[in-house]
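A closer look at the structure
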Amino acid sequence: MVRMVVGVVALLSLACLSQAFDRIERVNVGEVSLSVGVSGSSNKKMVLLHGFPEGRSVWEDHAPLFVSNGYQVIAPDLRGYNDSDCPEEVSAYDVNKLAEDVHQLIVHYTKSGKGKQTVILVAHDWGGQVAWIVGHKFPHLLDGLVIQNSPHPNILLPLMLNDPEQQTAAKYLNLFVNHQTTSYYLLSSFGYKGAYAAWGTTPVSEQLKKDLLVSWEKSLPSQLKWYPANVRIPSSFSFKDMEMFTYPKVCDVHVPTMIQWGAADVMYLEKNLQGMEELVPDLTIVRYEDGTHFVNVDKPVEITNDILKFAEAAIQKAKNPRDLRY
């Protein structure tokens, strides 16, 4: 069943918030180790996955609100970002390896806790692509899944192959997949002006700009490797025969899921939401009419309030065996 709602007016305020993360921890997740921002201490975990070209600092406005509502926040710099390990090989960024990083991260933070541990996984953009795989492969670890402007791979690929509007909107993929050196130059030149431009009209705070600059100077080349590691576009001039070759053929997710969708996204069109119920049976879609692709930065308070409402409902649902979805 799909529940479609519109984002509500914020109930919480960002005023007078403390520093987002209490501490930065180094966590070995198998092949690599990740730098993780952590705040709070609770059996209720809120795991936050950033997208491209971001980093854990993108969640700094959200983290204090989650902590004040009784959650422990766990926000990693994903593999290839900032102070986390950045392997040289493109193959190291296979989305299944990235999903295994998150799997091990969740296990690390839940295995030593006393009592029932609950986990809500929240993810934007590329983080969302990883989260779809985590939800598919490890549903037993999650009480709820929140995806922000990250199309389901089984819906996106047919659109990329056959829909001219979606092909035009995501034409940057050709560049990032097939021309890594050019992509880096375009993003990094003139003080990373190209990378900042990715946000378009989205307001970015001065602190976030500083944090992003540090991350790009350390790791932008490895961040770009996520693209050729997971997407194959044989022609630089066409999406014909494009493959998302690392993904499961059928990536169904049997976890209560909320999609938060900025309707003004110019990269991924709203038609990516059509047919979602066939892949995700327990689905809520929340639209933010003037939200962009970076809806998590556009509307941090509204986004966070809607996540908190969804999370509490998902946790209660998991307590009732009749409603347990996995």
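As the structure is a computational prediction, the values presented were derived from the model and not from experiment. (Residues numbered from 1 in each chain as written. Predicted model: local features only at pLDDT ≥ 70, side-chain atom pairs only at ≥ 80, totals over all residues. Heavy atoms only, no water.)

The secondary structure content of the chain amounts to 11 helices and nine strands. By the burial criterion, 58% of the 326 residues in the chain qualify as buried. A separation threshold of at least 6 residues defines the contact pool for the chain, and within that pool the share at least 24 residues apart is 76%. Accessible surface, the chain as shown: approximately 13500 Å² in total, 55% of it carbon and sulfur. The positive charge centre, built from 29 side chains, and the negative charge centre, built from 36, are 4 Å apart in the chain. (Helix = DSSP H or I, 4+ residues; strand = E, 2+ residues; numbered from the N terminus. Buried < 20%, exposed > 50% of the residue type's maximum accessible area, 1.4 Å probe, protein only. Contact = heavy atoms within 4.5 Å. Areas by Shrake-Rupley, 256 points an atom, 1.4 Å probe, with all protein chains shown as cover. Lys, Arg positive; Asp, Glu negative; His and termini not counted. Charge placed at Lys NZ, Arg CZ, Asp CG, Glu CD.)

For the rest of this paragraph, the subject is empty space enclosed by the protein. For the coordinates displayed, the defined rule picks out two cavities of 30 Å³ or more. Here the largest cavity defines a volume of roughly 170 Å³. Lining the largest cavity are 16 residues, with Trp-126, Gln-129, Leu-156, Leu-173 and Tyr-268 sitting closest to its centre. Contributing elements (two or more residues each) for the lining of the largest cavity: helix 3 (126-137) and helix 6 (172-178). The residue makeup of the lining of the largest cavity, split by class, is 11 nonpolar, four polar and one charged. Surrounding the second largest cavity, Trp-132, Ile-147, Ser-150, Pro-151, His-152, Ile-259, Trp-261, Asn-272, Leu-273 and Met-276 form its lining. Of the residues in the lining of the second largest cavity, the class split is seven nonpolar, three polar and no charged. (1 Å grid on protein atoms, 1.4 Å probe; cavity = no way out; pocket = protein on both sides within 12 Å on 5 of 7 lines; lining within 4 Å. Points joined across faces, edges and corners; volume = space filled by probe spheres on them. Nonpolar A, V, L, I, M, F, W, Y, C, P; charged D, E, K, R; others polar.)

At a minimum axis distance of 11 Å, the contact between helix 7 (residues 180-197) and helix 8 (residues 206-224) shows a crossing angle of 175°. Comparing the axis directions of helix 7 and helix 8 gives the class roughly antiparallel. Here helix 7 contributes Gln-180, Ser-183, Tyr-184, Leu-187, Ser-188, Tyr-192, Ala-195 and Tyr-196 to the contact with helix 8, which in turn contributes Lys-209, Leu-213, Trp-216, Glu-217, Leu-220, Pro-221 and Leu-224. Classifying every residue of the contact of helix 7 with helix 8 gives 10 nonpolar, three polar and two charged. (Axes fitted to C-alpha atoms, helices over the stretch in contact; angles between N-to-C directions. Parallel < 35°, antiparallel > 145°, perpendicular 65-115°, else oblique.)

Roughly 430 Å³ of volume is contained in the largest pocket. Along the wall of the largest pocket there are 23 residues; nearest its centre are Ala-197, Ala-198, Trp-199, Met-267 and Phe-294. Mapped onto the lining of the largest pocket, the elements with two or more residues apiece are helix 6 and helix 7. Looking at the lining of the largest pocket, the element that brings in the most residues is helix 7, giving four residues. Looking at the lining of the largest pocket residue by residue, the class counts come to 16 nonpolar, six polar and one charged.

Right, let's get into the packing of helix 2 (residues 95-110) against helix 3. The contact between helix 2 and helix 3 brings their axes to 9 Å, and the two run at 70°. Our classification of the angle between helix 2 and helix 3 gives roughly perpendicular. When the axes of helix 2 and helix 3 are compared, the crossing they make is right-handed. Of the residues in helix 3, those touching helix 2 at Val-95, Asn-96, Leu-98, Ala-99 and Val-102 are Gln-129, Val-130, Ile-133, Val-134 and Lys-137. (Left-handed = near helix turned anticlockwise from the far one by under 90°.)

With that settled, consider the environment of Phe-310. Tracing the chain through its elements places Phe-310 in helix 11 (residues 300-319). On a C-alpha basis, the gap between Phe-310 and Val-146 in space is 8.7 Å, while along the polypeptide they are 164 residues apart. Once you skip the residues sitting within four places of it in the chain, Phe-310 turns out to touch Gly-144, Leu-145, Val-146, Pro-256, Thr-257 and Met-258.

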